[in-house]
Amino acid sequence: MPQVRIIAKNFMDMVAALPAMKLDRLYQNAFICEAILRSLQPLAKKYVIQMCYIEEPITSKSLEEWVLPGGFSKHKVAIDRLLQLRIFSESFDRTTGTSYRMNATFQINLQKLITCGAILPREPMPSNITIRLPSSQELETYALQQWECFLLQLINSAQVERMTNISPSMMRIFQRGLLTQRDKEAPRLTESGFQFLLMDTNAQLWYIIREYISNSEEIGVDPEDLISFMLELSFHETGQAYNMNTLDEIQRNTIKDLEDLGLVKLQQGRKESWFIPTKLATNLSVSLTDSSSRKEGFVMVETNFRMYAYSSSKLHTEILRLFSRVEYQLPNLIVASITKESLYNAFENGITAEQIISFLQQNAHARVAERVPSVPENVTDQIRLWESDLNRVEMTPAHFYDEFPSRDVYEAACDFARECGGLLWEDSKKMRLVVNTEVHLQMREHLRRQK
Amino acid sequence: MAPAPSKLYADDVSLLLVLLDTNPLFWSNCALPFSKFISHVLAFLNAFLRLHQLNQVVVIATGYNSCDYIYDSSSATSGSSGTGKMPVFCSKLLENLEEFVIRDEQLEKGGPGGGIASSLLSGALSMALCYIQRVFRSGPLHPHPRILCLHGSQDGPEQYVAIMNSIFSAQHSMVPIDSCYVGAQNSAFLQQASYITGGVYLKPQLLDGLFQYLSTVYATDLYSRGALQLPKSVGVDFRASCFCHKRTIDMGYICSVCLSIFCKHHKKCSTCGSVFGQQAQSDVASSSNKRKMSDS
Amino acid sequence: MASGHVMKRVKYKTSVKDPGTPGVLKMSGDRIAFIPHNPNSASKLDVNFRSVKGHKNTKEGSNKPPWLNLTNDQGGSYIFEFESYPDMHICRDYVGKIIAKSGEPAKAAPAKPDMIAPDEQINTAELEVRIKLLREDSELQKLHKQLVIGGILTEAEFWATRKRLLEREYGNKRKQRVGFKSAMISDIKPATDGRTNRVTFSLTPEIILQIFAEKPAVHQAFLSFVPNKMTEMDFWTKYFRAEYLHSTKNAIAAAAEAAEDEELAIFLKHDDILAEEARRKIRRVDPTVNIEADQGDDYTHLPDHGIFCDEAKETSEPQYELYKRTLAHDINRHAAVVLEGRSVEVELEGTKTVAEALARSKQAEAANEDSAANADQEWLKRLSRLTEIEDLQAPHNHPVAPLCIKDPRDYFDSQQANAVKILGEDPLGTAKRKSAVNSNEAFGFLRECISQVKSVGLHDPIVKSKDALQVFNALAHDISRTKYDVGKISQESALDKLPSTTKEQILHHWASIQELLKHFWSSYPITTSYLYAKVDRLKEAMSQIYPQLEEIKKSVPANHKQQVSVLVRQMHQALDSAFQHYDADQQKRSAKSDQRLNGMRE
């Protein structure tokens, strides 16, 4: 099971783990309520929305009435999540059984959201003050550039021409878990590091943000403030300028870090300075269960295992090199081929076939993305086959025992080997058995004792 | 062309096409004032949009003389922010709705004087299905579409063929048609539409709680419907309208070639042009006389 | 019978040790006669087949001469030695047929006195299948007992409706062919005597067949060497020597030995035939899948071409490569052979026969393949012309088939005309017209509503908590009601709730009613007097079940009465309709016969 993926997906676990008081305080912010609502499972969303105007407690029985026999596990997960996030509170009555009531703060905020819409804490600045705002195209390129630069620095600091302003100590925190470094050697990617690279941008971003927040306590910032600021930021409008004066001290520091990640762009006017959220920031509150960021793909895979990647990014080359053999590099094109050897390399590094395939599918070039399947079936099948090939024959060094003097001795030996956990095979008819080499010595001891 | 499931977004991202009945003749006689109705609906739409960033709403007004798209959340710039009174998109929707009603009224003055108190459901359904087809073909990723008919006017039997065609088209592209009927009697068309496409038909008893009906039943996305039991209608009115006089009939004649329904014996099928043989002496022996099922 | 009589030269023996009297064996009709060449011989024979109770014969391939041994009812036996096996087989088959024929009626007749229709012929095999089916399916057995033993249906009628069942059972009974063992041949363990260094391998024909199948080269070598160049013993000794060398995994030693001994080398080198076979298989693969096929497209073999080539080739000494064989290799080959199955059907005796049989089957296979290959080749050619490599093609735009209405004008005009016409006709039309009068007001009202909402905004709260709760509870109540009211679940649970004896009774009755009804309805229209009698019998049986159902209904405890009566009612209905039909038919029949009688009189 890819460990990183779980961590990245369950950002909301971090929120749920906050103490009750802090959670209640978080819910006073309508944006957080909305972001949390979006992060829930579909069934939980439905429960929240139908409870939105009901102030009285609802019995669990009346909720369960709706659930089909096959859906009970989903129902259970949804309710557990709601209780965990303290959106629902549970009470028990002898006559009616368990019943749920919605968190009052959350409920009021949600009602307000529904009838009035949400109001941002800051207005976009009028266009006569701001000079020359970047177009959405420019902004997107900027964001991607920043992000790639950051990633490249993260995995391979030697390759970067332009260093980001993120402090080395912060960088080391991000690298924790993704890279290992034995002294004097160049750092190597760990298994989760490889998997991290193949995740889509949103998931990567959440992983980084999560690390960032969990580290914030060390520098004396309340993680709760950070969480609420991040979520709030995600509701700002892409491409609009917002005055820096509206931010407090901590937020201003944070936003500088976020610029390095490509989440916002900072601009300085004559008197004022402002920040412009990019798509990366506004995508933060996209439901984490959804792995679809609508970005342009660049990879085309052909049925002959040749791969064309229309990209000039070094990061992309690095990623493709994880599982394919790069053959040519032209200014805007990388030609690589997926070979058995290159894939075996990837598998050795702990990348799974499914990850490679989903990477190819998610980054399929617009031309092939329309097709079903976007990656030729023979290629995906072959990748899976090669992976399963590795698991076909398992070699275990073993010792073979034969010609036992009697059945009793044989059976005692079998039992002994089984107890040691080293019995690989037995043939009671012919009195033969095979044991793992690890227990060979003990086994010999045992047999000697028998004599 | 049915969409390949792999093209869909994961989970619960939905495209909701709302067909809003704006028949003035109905609303002027309805127990539920239109202002209340529309505010419940707007609140529901807002709540629906809050559920997922990628959720999309398209509202089609089903008018008396025409129908038109009045709101599409994918083309609007910002959905979430509000003016304090109501979400921005609501005021936008209301503006469009007002313009639509004025246009609809002008058509009324220009057209023939008389009419039937039903709105153009068939037209709105077709528009919704066209929109869905466009979404299906637009790209590799698209949300799960479903149609919600918020209807109150009575059925117009003259639209029978067109509506049935739309229903079958929806069934073919696996788009469920939910219907919430706020009128006095049950609507046979909508019952059939929901029954055939696997949607939910509901006639709210307590109109003051319309929002609760909408949020409890119709907010359920297709993904969650796999785990939940939604209200089932007890009986469906399966009666058909004849093709010749648009009457709702219990028994009739069916063309053996194209299955067109007629209330009287014809020499020739008006749909496919097949020539029928002599009508048999007695009705019982007539081979072309088939009983339509009138119950489930 | 085609073979009316058989005549063969044989030697007749009265016992196994008897040298035998040469003569002619004649079998015709129901008699066996032996006429010795020497007319004076006492061993003349003429017996009726009825006295013959069984026959035995020696097996082909054993070292015994072809003998046929007939046992008579007194316990004695007649032994005939034939000149060849085919002769013996013909006679044996003939005897077998005759015995089967004469034995059958004797066996079958007492069991079923007069039930069997004259044209029915059951062979023992079918009888066995039936018995087996009955034994396995207790419900079927119950039904059989009730209906057949009870004399309502005949055996044949009962089984006629279950032909499918019988056939399936027949199909299953086909002899299962023995495949190769899944154990690897490397498992053949030598036996050591412990004192000397000698090892002894014991080979069975089965193992040999497996070795031949898995290692074509060994097979080839055996065919070419064994009778002429070396003895079989030597051959196998060499083979196991080679195997031993392999197991030591010492490629260099193996190479050295191979250099000295030519024959040994054959076992040590890679199997060329195998490689050839593999190549042949690859050739049959669709060319678009073959990765090797586009080698021309690959520039990796050209140096300095802007190409990254970051895999270091595995270095190995080519001359020893030949003698290396991996375990995975062996497993692969073994798996392939086991999956292919055994195509040779021989009695496993003698290595020679095994080798030859395998060679024959291989040849046949190859011949098949050749003819298939030609067809394949053509098919491939056509395929390669037709197959487009999809990602190199422009996307297809599928043509749209227009909806075909024969004459669109006709259709739409009639629609239009009807729609206009209805306005005048419809009795409701007037009411609508009235409402249309104030449509202006209505539109005005609607606009007013909209602008009202626009100015005031949405009510807060949209719904009162009380209303919301009421609606939710009503919906939840609705759900729970529909959940238990409709659907199959309720039906099943009704049956499950009943006491088990009642349930069983009902199920049993239901099964027998169904069986009876099936026969009843299938015998209509009644064309023969046989069917007429059958229907009478069936009706009688059904009318007996009728009161039994009533009894069940009465005996059930009060709380289940309603459910049972629902179930029983359905059965009654089914029976009633059958009775009705019977009566109606009966009346028609009597009316007809009356008419006929009248006609006759007139």
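Residues numbered from 1 in each chain as written. Chains lettered and ligands numbered in written order. Predicted model: local features only at pLDDT ≥ 70, side-chain atom pairs only at ≥ 80, totals over all residues.

**Observations regarding the pairing of strand E5 (residues 177–181) of chain B**
Remember that side chains alternate between the two faces of the sheet whenever the strand is regular.
All names here are of chain B.
Thought 1: Most of E5 is tucked away, with five of its five residues classed as buried.
Thought 2: Across the two faces of E5 the burial is the same, with Ile177, Ser179 and Tyr181 and Asp178 and Cys180 all buried.
Thought 3: Sheet topology places strand E4 (residues 144–151) next to E5; five bridges connect them, and they run parallel. Considered in E5, the bridge of Cys149 is made with Ser179.
Thought 4: Crossover connection from E4 via helix H5 (residues 160–172) to parallel E5: handedness right-handed.
Thought 5: Sheet topology places E5 next to strand E6 (residues 201–202); two bridges connect them, and they run parallel. Note on E6: the bridge partner recorded for Ser179 is Tyr201.
Thought 6: Remark: the E5/helix H6 (residues 188–197)/E6 crossover connection has right-handed handedness. (Buried ≥ 20, exposed ≤ 12 C-beta atoms within 10 Å, placed from the backbone. Helix = DSSP H or I, 4+ residues; strand = E, 2+ residues; numbered from the N terminus. Pairing = 2+ DSSP bridges. Right-handed = clockwise from strand over helix to strand, strands pointing away.)

**A short note on the sheet that holds strand E3 (residues 97–102) of chain A**
All names here are of chain A.
Thought 1: Pairing is antiparallel in the open sheet, where three strands are placed in the order E1-E3-E2. Of all strands in the sheet, those bounded by a partner on one side alone are strand E1 (58–59) and strand E2 (88–93).
Thought 2: Across two bridges, the pairing between E1 and E3 is antiparallel. Across the sheet, residue Ile58 finds its bridge partner in E3, namely Tyr100.

**As for the confidence of the model for chain B**
Predicted coordinates in areas of low pLDDT are best not read in detail.
All names here are of chain B.
Thought 1: For chain B, the average pLDDT comes to 80, and 83% of its residues sit at 70 or higher.
Thought 2: When pLDDT is averaged over each helix and strand of chain B, the minimum, 42, is found for strand E11 (residues 289–291) and the maximum, 93, for E5.
Thought 3: Between residues 1–8, whose pLDDT stays under 50, and residues either more than four places distant or in other chains, the model counts 13 contacts.
Thought 4: This model gives residues 280–296 a pLDDT under 50, and the stretch forms 25 contacts once residues within four places in sequence are excluded. (pLDDT = per-residue confidence, 0-100. Contact = placed C-beta atoms within 7 Å.)

**Describing the environment of Arg247(B)**
All names here are of chain B.
Thought 1: Note that Arg247 resides in the loop between strand E7 (240–241) and strand E8 (248–249).
Thought 2: Through-space distance from the C-alpha of Arg247 to that of Phe262 is 9.3 Å; in sequence the pair is 15 residues apart.
Thought 3: Ignoring sequence-local partners within four residues, the contact set of Arg247 consists of Pro157, Ser241, Cys242 and Cys263.

**Examining the pairing of strand E11 (residues 325–330) of chain A**
Residue and element names in this part refer to chain A.
Thought 1: Here E11 pairs with strand E12 (residues 333–337) via five bridges, running antiparallel. Counterpart to Arg325 in the pairing with E12 is Ser337.
Thought 2: If you look at the hairpin formed by E11 and E12, you'll find two residues sitting between the two strands.

**Observations concerning the nonpolar core**
It is characteristic of soluble globular proteins that their nonpolar side chains tend to be buried jointly.
Thought 1: If you look at the biggest cluster of nonpolar residues, it comprises 204 residues, and the most contacted ones within it are Leu17(B), Val18(B), Leu19(B), Ile60(B) and Ala128(B).
Thought 2: Element by element, the count of residues in this core is highest for helix H2 (residues 34–51) of chain B, at 12 residues.
Thought 3: With near-sequence residues (within four places) excluded, Ile60(B) lies in contact with Leu17(B), Val18(B), Leu19(B), Leu20(B), Cys67(B), Tyr69(B), Ile70(B), Ala124(B), Met127(B) and Ala128(B).
Thought 4: If you look at the next biggest cluster of nonpolar residues, it comprises 16 residues, including Leu25(C), Ile32(C), Val52(C) and Phe80(C). (Core = buried A, V, L, I, M, F, W, Y, C linked by C-beta atoms within 7 Å.)

**Focus on the environment of Gly252(B)**
Thought 1: For Gly252(B), the location among the structural elements is in strand E9 (residues 251–254).
Thought 2: Classification of Gly252(B) as buried rests on a count of 23 C-beta atoms within 10 Å.

**Overview of the environment of His316(A)**
All names here are of chain A.
Thought 1: For His316, the location among the structural elements is in helix H16 (residues 314–321).
Thought 2: Classification of His316 as partly exposed rests on a count of 17 C-beta atoms within 10 Å.
Thought 3: With 164 residues separating them along the chain, His316 and Leu152 place their C-alpha atoms 9.7 Å apart.
Thought 4: Excluding residues within four positions of it along the chain, His316 makes contact with Phe298, Ala309, Ser311 and Ile334.

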